[in-house]
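Architecture and fold: a report
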Amino acid sequence: MIYFLLFLFGVCFGSFLNVLIDRIPAGKSVLFGRSQCDFCKKQLGIFDLIPVISYVFLLGKCRYCKKKLSLQYPMIEVLTGFLFVFLFFLEMPITFIQFQLFLIDIFLVSMGFALTIMDIKYHLLSDKLLVVFGFFALLRISILSPQALPFSFLVGLLATLPLFLIFFFSKGKGMGFGDVKLIGILGFLLGFPNIILCYYIAFLTGAVAGVILILGGKKKLHNSVIAFGPFLFLGAFITYFFENTLWQYAKIFLGF
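Just so we're clear, the structure is a prediction, and the values are computed from it rather than from any experiment.

**Brief notes about helix 4 (residues 96-122)**
The terminal C-alpha atoms of helix 4, which comprises 27 residues, lie 39 Å apart, in line with the 39 Å expected from a rise of 1.5 Å per residue. At the C-terminal side of helix 4, His-123 shows a positive phi close to 55°.

**A short note on the nonpolar core**
In terms of nonpolar packing, the biggest core is built from 55 residues, with Phe-133, Ile-183, Leu-186 and Ile-195 touching the most fellow members. For this core, the secondary-structure elements that each account for two or more residues are helix 1 (2-26), helix 3 (72-91), helix 4, helix 5 (127-144), helix 6 (149-169), helix 7 (177-190), helix 8 (194-215) and helix 9 (229-254). The element contributing the most residues to this core is helix 4, with 11 residues. Discounting residues that sit within four places of it in the chain, Ile-195 has contacts with Val-155, Ala-159, Ile-183, Leu-186, Gly-187 and Leu-190.

**Structural notes on the packing of aromatic side chains**
Per the counting criterion, the structure on display carries 23 aromatic pairs. Between Phe-88 and Phe-102 the ring centres are 5.5 Å apart and the planes differ by 80°, which places this aromatic pair in the edge-to-face class. Within this pair, whereas Phe-88 is found in helix 3, its partner Phe-102 is found in helix 4, the two being separated by 14 residues in sequence. Taking the centre distance of 5.2 Å and the plane angle of 85° together, the rings of Phe-168 and Phe-169 count as edge-to-face.

**Re the packing of helix 5 against helix 7**
The angle between the axes and the distance between the axes are what describe a pair of packed helices. Closest axis-to-axis distance for the helix 5/helix 7 pair is 9 Å, and the angle between their directions is 10°. Judged by the inter-axis angle, helix 5 sits roughly parallel to helix 7. Together, Asp-127, Leu-130, Phe-133, Gly-134, Ala-137, Leu-138, Arg-140 and Ile-141 of helix 5 and Gly-178, Lys-181, Leu-182, Ile-185, Leu-186, Phe-188 and Leu-189 of helix 7 make up the contact between the two elements. In the contact of helix 5 with helix 7, the residues fall into 10 nonpolar, 2 polar and 3 charged.

**Regarding the environment of Leu-186**
By the secondary structure assignment, Leu-186 is in helix 7. Judged by relative accessible area, which is 1%, Leu-186 ranks as buried. Separated by 58 residues in sequence, Leu-186 and Asn-244 have C-alpha atoms that sit 18 Å apart. Residues contacting Leu-186, with those up to four places away along its chain left out, are Phe-133, Gly-191, Ile-195, Cys-198, Leu-232 and Ala-236.

**Focus: the side chain of Glu-77**
Residue placement: Glu-77 occurs in helix 3. Buried Glu-77, no salt bridge; nearest opposite-charge side chain is Lys-121, N-O distance 12 Å. Setting aside its immediate chain neighbours within four residues, Glu-77 contacts Gly-10, Val-11, Gly-14, Ser-15, Asn-18, Pro-51 and Val-52.

**Some points on a nonpolar patch on the surface**
A cluster of nonpolar side chains, contributed by Ile-2, Tyr-3, Phe-86, Phe-89, Leu-90, Met-92 and Phe-242, occupies part of the molecular surface with about 590 Å² of accessible area. Among the elements that line the nonpolar patch, the one with the most residues is helix 3, at 3 residues. In this fold, Phe-89 is placed in helix 3.

About the criteria used
Along each chain, the written sequence defines residue order, and numbers are assigned to residues from 1. Selection of residues for local features in this predicted model requires a pLDDT of at least 70, selection of side-chain atom pairs for listing and counting requires 80 or more, and totals for whole chains, interfaces and linings are taken over all residues. Note that water and hydrogens are dropped before the side-chain values are worked out from all heavy atoms of the structure. In DSSP terms, a helix is any run of H or I states spanning at least four residues, a strand is any run of E spanning at least two, and both are numbered starting from the N terminus. Each residue after the first adds 1.5 Å to the expected span of a helix. Buried residues of nine kinds, namely Ala, Val, Leu, Ile, Met, Phe, Trp, Tyr and Cys, make up a nonpolar core once their side-chain atoms join them within 4.5 Å. Each residue is assigned to one of three classes by its accessible area relative to the maximum for its type, calculated with a 1.4 Å probe on protein chains only: buried under 20%, partly exposed between the two thresholds, exposed over 50%. Contacts were defined at the residue level, with two residues in contact if any of their heavy atoms lie within 4.5 Å. By convention, a stacked pair of Phe, Tyr or Trp rings (six-membered ring in the case of Trp) has centres within 6.5 Å and planes under 30 degrees apart, an edge-to-face pair has planes over 60 apart, and any other such pair is tilted. Inter-axis angles, ranging from 0 to 180 degrees, are taken between N-to-C directions of lines fitted to C-alpha atoms, where helices are fitted over the stretch in contact. Working rule for angles: under 35 degrees goes down as roughly parallel, over 145 as roughly antiparallel, 65 to 115 as roughly perpendicular, anything else as oblique. Under the scheme applied here, ten amino acids are nonpolar (Ala, Val, Leu, Ile, Met, Phe, Trp, Tyr, Cys and Pro), four are charged (Asp, Glu, Lys and Arg), and all others, including Gly, are polar. Under the convention used here, Asp and Glu are negative, Lys and Arg are positive, and both His and the chain ends fall outside the count. Put simply, a salt bridge is a Lys or Arg side-chain nitrogen that is within 4 Å of an Asp or Glu carboxyl oxygen. Patches in this entry comprise residues that are over 30% relatively accessible and not in a salt bridge; like charges within 9 Å are linked, as are nonpolar side chains (Val, Leu, Ile, Met, Phe, Trp, Tyr) within 5 Å. Every accessible area reported is derived by Shrake-Rupley at a probe size of 1.4 Å, with residue values counting cover from the shown protein chains alone.

Here it is as structure tokens:
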């Protein structure tokens, strides 16, 4: 029952993430203003905005102009629901502190998910969402190990150096400054040496994805732009929840 309720809550929260993903890059308010069709600009009613159900009931089309709606909306809603269930399954919070950390992780993963889709769709890592993401990272460390805050800030600062150098010497062409800010927050959240794992996974998966896109003709070898934020979040997510397993394999690989 708890998994079903979490899934429903995640689906509803995913609807809000869709608002963040599309309104922030457009400079629109996320709290005020009625939702409208992307095509005919008709204001949508409550029965047009029920997560997943409205999309299915309307056969994926606008009620008014009949234009086909993006699959992004139901997909984000459903995936957010599964993410909430997955987080609960991984953490199984029992104590009050564990439940606090679980709620914080929900917001961390949700903001990371929204930033990932935003970066893929618009090549933008919103400062507003990065601030929210950073706030929950600070809150988590303050609850779990407040004595580690100074060292965490130092790790976050040092974590920015590789990407900042790429950004600086490529004049923003090889790396966006949003990625620099993001890796600083991830370094603060993950700490040392976990940020190294995050970097390794991000660059490895980014390189593999780049090669696949180039071989598939989706990107050109020169003058192509691939959003790096999603790979940083992927590296952080895997490291964040599976660090012990990753380090065990790393020790075996390195012969320790």
